[in-house]
Amino acid sequence: FNKNTLLAHNVGAGKTYIMVSAGEELLRLGYSTKNLYVVPNSIIGQWEEFYRNMYPNANLLVVYPKDFTPAKRDRVLEDIKYNNHVAVYMAYSSFDMIVMSKAHYIDKYTKEILKIKTSLYNVKTKHEKRALQKQEKFLAKKLAKYSEEEKECQWMTFDQLGIETLVVDEAHNFGARTY
C-alpha cells in the first residue's frame, strides 16, 4: 500500500531474509529492475554471503569501501548504471559519497516552495503565516544556490544510476540525513 516499508523486528527475527526476498520478488514481478542494498560497513560481507546462498545465480555487484576510492568511483558507478546487476550491495560509507544531481535539488526545492505558497492561502494565524514565509525564504535561498551553481558533480549522481528500489539496513543510523 505504500512505497516505504519499515521492518522493526527483533534481532534474529529474519529481517535480512525478508529484505533480500522482497527485493527479489520486486524484480520477479517487474516492479523493479535494479535494487540497491545499503548496509553497515562491518557486515557487508555477511550480506553478500547471505544473498549468494539464497540466489546463487543472481547478477550481484558488491561495492566494498576499498572499491569506492576516488580513483575507482567512476568505474564502479558506471558498472552500476550500465551493467545488468539486479542487486547492488554497498557499504554505508560508499553510499554517503553518492550525491543527487543539481536538477534533483532544483526540482525538490521548487516543489516545496510551491507547496508552501499553496498552504499560505489556508493559514489561520499570523504565527503560522510567518513560519511558512520563513521556510519559503530558506528554501528560496537553497534553490538559488543550486540554480546559480555552474558545474555538476564530477561523478555520476544517484538519480542517474537507474536504482529503482533502495533498501537500507539499520536505517536509524542515518538519523536526519536526506537523500
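In the block above lies the structure referred to throughout.
Residues numbered from 1 in each chain as written. Predicted model: local features only at pLDDT ≥ 70, side-chain atom pairs only at ≥ 80, totals over all residues. Heavy atoms only, no water.

Colleague: Lay out the overall build of the protein with the relevant residues and their values.
Modeller: Broken down by element type, the protein carries six helices and four strands. Mapped from its N terminus to its C terminus, the protein presents α and β elements in the order α-β-α-β-α-β-α-α-α-β. For the protein, the spread of C-alpha atoms along the principal axes amounts to about 60 × 40 × 30 Å. By the burial criterion, 35% of the 179 residues in the protein qualify as buried. (Helix = DSSP H or I, 4+ residues; strand = E, 2+ residues; numbered from the N terminus. Buried < 20%, exposed > 50% of the residue type's maximum accessible area, 1.4 Å probe, protein only.)

Colleague: Any details on the layout of surface pockets? Residues and values, ideally.
Modeller: For the second largest pocket, the calculated volume is near 160 Å³. Around the second largest pocket, the lining residues are N10, V11, G12, A13, G14, K15, T16, I43, Q46, W47, D169 and E170. Going through the elements one at a time, helix 1 (15–28) and helix 2 (44–54) are the ones with two or more residues in the lining of the second largest pocket. (1 Å grid on protein atoms, 1.4 Å probe; cavity = no way out; pocket = protein on both sides within 12 Å on 5 of 7 lines; lining within 4 Å. Points joined across faces, edges and corners; volume = space filled by probe spheres on them.)

Colleague: Tell me about the environment of V38, residues and numbers included.
Modeller: Along the chain, V38 turns up in strand 1 (residues 35–39). Using a relative accessible area of 0% as the deciding quantity, one classes V38 as buried.

Colleague: I'd like a rundown of the sheet that holds strand 1, residues and numbers included.
Modeller: In space, the four strands of this open sheet follow the order 2-3-1-4, with parallel pairing throughout. Of all strands in the sheet, those with a lone pairing partner are strand 2 (60–63) and strand 4 (165–168), marking the two edges. Taking each pair of neighbouring strands and ignoring which way they run, the sheet shows an average axis angle of 15°. Sheet topology note: the strand 1/strand 3 (residues 87–91) ladder contains five bridges and is parallel. Bridging across to strand 3, V38 finds its partner in M90. Sheet contacts for helix 1: strand 1, strand 3 and strand 4; angle to strand 1, the most-contacted strand, approximately 165°. Helix-sheet contacts for helix 2 involve strand 1, strand 2 and strand 3, and the interaxial angle to strand 2 is about 170°. (Pairing = 2+ DSSP bridges. Axes fitted to C-alpha atoms, helices over the stretch in contact; angles between N-to-C directions. Contact = heavy atoms within 4.5 Å.)

Colleague: Before we move on, could you go through the nonpolar core and cite the residues and values that matter?
Modeller: Counting 26 residues, the largest nonpolar core has L36, L77, I80, M90, F158 and L161 as the members making the most contacts within it. Every element with two or more residues in this core is listed here: strand 1, strand 2, helix 3 (70–82), strand 3, helix 4 (92–95), helix 5 (102–120) and helix 6 (126–148). For this core, the element with the most residues is helix 5, which contributes four residues. Those residues in contact with L77 that lie beyond four places of it in its chain are F68, I98, W155, M156 and L161. Of all hydrophobic cores here, the second largest spans 14 residues; its members include V39, I44, Y51 and V167. (Core = buried A, V, L, I, M, F, W, Y, C linked by side-chain atoms within 4.5 Å.)

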